[in-house]
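Reading the structure
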Amino acid sequence: MTEGESMKISVVIPFYNEERMIEKMYSELVHVLNQQTKEEFEIILIDDGSKDKTFEKILEIAKNDERVRYLSFSRNFGKEAGTIAGLEYATGEAVILMDGDLQHPPAMLPQMIEAYEQGYDVVSARRTRTGEKPHRTFLAKHFYKLANKMMDIELMDGVSEFRLFSRKVVNAIISMQEYNRFSKGIFAWIGFNEKVIEYENQVRTVGETKYSLKFSLNYAIQGILSFNDKP
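None of the values given here were measured: they were computed from a predicted structure.

Calculation rules
Residues numbered from 1 in each chain as written. Predicted model: local features only at pLDDT ≥ 70, side-chain atom pairs only at ≥ 80, totals over all residues. Heavy atoms only, no water. Helix = DSSP H or I, 4+ residues; strand = E, 2+ residues; numbered from the N terminus. Buried < 20%, exposed > 50% of the residue type's maximum accessible area, 1.4 Å probe, protein only. Areas by Shrake-Rupley, 256 points an atom, 1.4 Å probe, with all protein chains shown as cover. Polar contact = N/O pair within 3.5 Å; in protein donor to acceptor, adjacent residues only side chain to side chain. Phe/Tyr/Trp six-rings, centres within 6.5 Å; stacked < 30°, edge-to-face > 60°. Lys NZ or Arg CZ within 6 Å of the ring centre and 35° of its normal. Axes fitted to C-alpha atoms, helices over the stretch in contact; angles between N-to-C directions. Parallel < 35°, antiparallel > 145°, perpendicular 65-115°, else oblique. Left-handed = near helix turned anticlockwise from the far one by under 90°. Contact = heavy atoms within 4.5 Å. Nonpolar A, V, L, I, M, F, W, Y, C, P; charged D, E, K, R; others polar. Pairing = 2+ DSSP bridges. Salt bridge = Lys/Arg side-chain N within 4 Å of Asp/Glu carboxyl O.

1. Regarding the overall build of the protein chain
Each helix and strand counted, the protein chain has eight helices and seven strands in total. Here the protein chain, with 231 residues, has 49% of them falling under the buried criterion. A total accessible area of about 11900 Å² is found for the protein chain, and carbon and sulfur atoms account for 50% of it.

2. Some details on the side chain of Asn201
Residue position: Asn201 is located in the loop between strand E7 (194-199) and helix H8 (213-226). Engagement of the side chain of Asn201 in a polar contact is seen with the side chain of Arg127, the distance being 3.2 Å.

3. Observations regarding the packing of aromatic side chains
The full count for this structure, using the stated rule, is three aromatic pairs. Ring geometry for Phe55 and Tyr70: centres 5.8 Å apart, planes at 70 degrees, overall edge-to-face. Of this pair, Phe55 sits in helix H2 (residues 54-64) while Tyr70 sits in strand E3 (residues 68-72), placing them 15 residues apart in sequence. By relative accessible area, which is 24% here, Phe55 ends up partly exposed. Where Phe162 meets Tyr199, the ring centres are 5.9 Å apart and the plane angle is 80 degrees; that geometry is what we call edge-to-face. Taken as a pair, Phe162 in strand E6 (residues 159-166) and Tyr199 in strand E7 lie far apart in primary sequence, 37 residues in all. Like Tyr199, Phe162 is buried. Sitting over the face of the ring of Tyr89, Arg69 holds its NZ or CZ atom 3.9 Å from the ring centroid.

4. Some points on the packing of helix H3 (residues 79-89) against helix H6 (residues 167-175)
Look at H3 against H6: their axes get within 10 Å of each other, and the N-to-C directions meet at 130 degrees. Taken together, the axis directions place H3 and H6 in an arrangement best described as oblique. In this structure, the crossing between H3 and H6 has a hand that is left-handed. Between H3, through Ile84, Leu87 and Glu88, and H6, the contact on the second element is made entirely by Val170, Ile173 and Ile174. By residue class, the composition of the contact of H3 with H6 is five nonpolar, no polar and one charged.

5. Observations concerning H3
By the criterion of burial, H3 is predominantly enclosed, with eight of the 11 residues buried. Every buried residue of H3 is accounted for by Lys79, Glu80, Gly82, Thr83, Ile84, Ala85, Gly86 and Leu87.

6. What about the pairing of strand E5 (residues 122-127)?
One ladder, built from four bridges, connects E5 with E6; its direction is antiparallel. Bridging from a neighbouring strand, Arg126 pairs with Val159 of E6. Taken together, the six bridges between E5 and E7 define a ladder with parallel strand orientation. Along E7, the bridge assignment pairs Arg126 with Glu198.

7. Let's talk about the side chain of Asp65
Topologically, Asp65 is positioned in the loop between H2 and E3. A distance of 2.6 Å separates the side chain of Asp65 from the side chain of Tyr26, its partner in a polar contact.

8. Re the environment of Glu161
Its place among the elements puts Glu161 in strand E6. A relative accessible area of 7% places Glu161 in the buried class. Separated by 57 residues in sequence, Glu161 and His104 place their C-alpha atoms 9.3 Å apart.

9. Regarding the pattern of salt bridges
Evaluation of the coordinates by the stated rule reveals 10 salt bridges. For Asp99, the salt bridge is made with Lys79, and the minimal N-O distance between the two is 2.7 Å. Residue Asp99 is located in the loop between strand E4 (94-97) and helix H4 (109-117), and its partner Lys79 is located in helix H3; the two are separated by 20 residues in the primary sequence. For the pair Asp99 and Lys79, a shared accessibility class is recorded, and that class is buried. Overlapping salt bridges bring together Lys8, Glu42 and Arg69 as one network.

Right, here's the structure in full:
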């Protein structure tokens, strides 16, 4: 890309039962992209088999904004499936992956794009744990401690799926055909030059988290078991 030339950015957002949040999320995202970036962009909304009116709202958003594309699953396949489907569907030179509950703040996107323009292939957003419930902080810290002892990679506490990937990184990720995908592990394992940008933890203001304590524990166990050969 030559100086002054715009590029295409894809923003991939999986949703599950977020009828109360999706319009607010879309509004804040578009405001940031329109006001603070010069790039062409597409927004890919993934409906992961929602049982509420999430998909109807996605259709309405796409009807009024030609930059919005979408996928809808026949049932809830889980966030990992939504992530890989969105990466496969994205056409941008760079792809930003984020959650749809505004705990991944759209205001971070200009900084992530700037880091990409500086030459980084992976730009990861790392949150603080301000405002998080103490038991979740306790479990998270012990998960990272255990995972980093058992895995051949190092996971950074506070770094989730909120990341920007260059096109060559996206191609590397989707070429990996693991049956049980553990995105945190894959993103850490693939290498490439990475920049980490820290941001203040955002507390959900609308709706309820889809990551219950049971879900989080199962996800942690699955990740440790599926992403190393020690067991």
